[in-house]
Amino acid sequence: MEPTFSIAEISQKSGFSYDTIRYYVKIGLLPSAKRKENGHREYGRAHLERLIFISHLKRTGMPLKEIERYMSLASTHNYENCYSVLYEHKLHIESQMAEMKTTLEVVNYKLLHFKDLMKQSGLGGD
């Protein structure tokens with residue numbers, strides 16, 4: 001039998017707040033959860049996996065509207081457009097990574113410069 005999770009457990013595992021999880025259900029990003037006899041929501045592995053995927057997309061700068069569009073396409077098995085959305089996002093991520101690499105190189109250069117200045121002024125360094 002597939003494991004189920006309470007909203008507290010799925011919140012802890014996904015990093016999303018209760019309110020965010022409920023909002024994602026409300027806007028259709030996440031399927032509705034079954035209710036147990038006591039009325040509490042019961043989430044499955046598919047809910048958790050989708051939340052983790054959404055988390056990755058959000059962390060890499062995909063707007064919520066675009067995530068909604070992707071999920072809508074996926075739910076209708078529109079694989080060609082799903083591919084296009086994710087491919088465009090992949091290009092965006094690669095561009096971000098290139099920018100970060102360049103920024104890291106600049107920061108490393110500055111650190112070396114300050115290390116040399118500290119060494120010259122007798123404040124440390126090596």
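Relevant structure appears above.
Residues numbered from 1 in each chain as written. Predicted model: local features only at pLDDT ≥ 70, side-chain atom pairs only at ≥ 80, totals over all residues. Heavy atoms only, no water.

Colleague: Sorry if this is basic, but what is going on with the pattern of salt bridges here?
Modeller: Opposite charge on two side chains makes pairing possible when the charged atoms of those side chains draw close. With the rule as written, the count across this model stands at 5 salt bridges. Of the charged contacts, one joins Glu-105 and Lys-101 as a salt bridge, the two residues approaching to 2.8 Å between their closest N and O atoms. Of this pair, Glu-105 and Lys-101 both sit in helix H5 (residues 79–120), 4 residues apart, which is roughly one turn of that helix. Look at Glu-105 and you get partly exposed, because its relative accessible area is 45%. (Salt bridge = Lys/Arg side-chain N within 4 Å of Asp/Glu carboxyl O. Helix = DSSP H or I, 4+ residues; strand = E, 2+ residues; numbered from the N terminus. Buried < 20%, exposed > 50% of the residue type's maximum accessible area, 1.4 Å probe, protein only.)

Colleague: Please explain unusual backbone geometry as it appears in this structure.
Modeller: Trans peptide bonds make up the majority, and among non-glycine residues the majority have a negative phi. Backbone geometry at His-77 places phi at a positive 60°, although glycine is not the residue there. Relative to the assigned elements, His-77 resides in the loop between helix H4 (64–75) and H5.

Colleague: Explain the packing of helix H3 (residues 45–59) against H4 to me, please; I cannot follow it from the model alone.
Modeller: A pair of packed helices is captured by two measures, namely the crossing angle of their axes and the spacing between those axes. Two elements in contact, H3 and H4, have axes separated by 10 Å at closest approach and are oriented at 140°. One finds that H3 runs oblique with respect to H4. The two elements H3 and H4 cross, and the hand of that crossing is right-handed. Contacts from Arg-50, Phe-53, Ile-54, Leu-57 and Lys-58 in H3 reach Ile-67, Tyr-70 and Met-71 in H4. Looking at side-chain class alone, the contact of H3 with H4 contains 6 nonpolar, no polar and 2 charged residues. (Axes fitted to C-alpha atoms, helices over the stretch in contact; angles between N-to-C directions. Parallel < 35°, antiparallel > 145°, perpendicular 65-115°, else oblique. Left-handed = near helix turned anticlockwise from the far one by under 90°. Contact = heavy atoms within 4.5 Å. Nonpolar A, V, L, I, M, F, W, Y, C, P; charged D, E, K, R; others polar.)

Colleague: Would you explain the packing of aromatic side chains in this entry?
Modeller: The geometry of two aromatic rings is summed up by the distance between their centres and the angle between their planes. What the rule picks out here adds up to 4 aromatic pairs. Taking 5.4 Å as the distance between ring centres and 70° as the angle between the ring planes, the aromatic pair formed by Phe-16 and Tyr-24 counts as edge-to-face. The same class applies to Phe-16 and to Tyr-24, which are both buried. Following the ring pairs from residue to residue traces out a cluster consisting of Phe-16, Tyr-23 and Tyr-24. (Phe/Tyr/Trp six-rings, centres within 6.5 Å; stacked < 30°, edge-to-face > 60°.)

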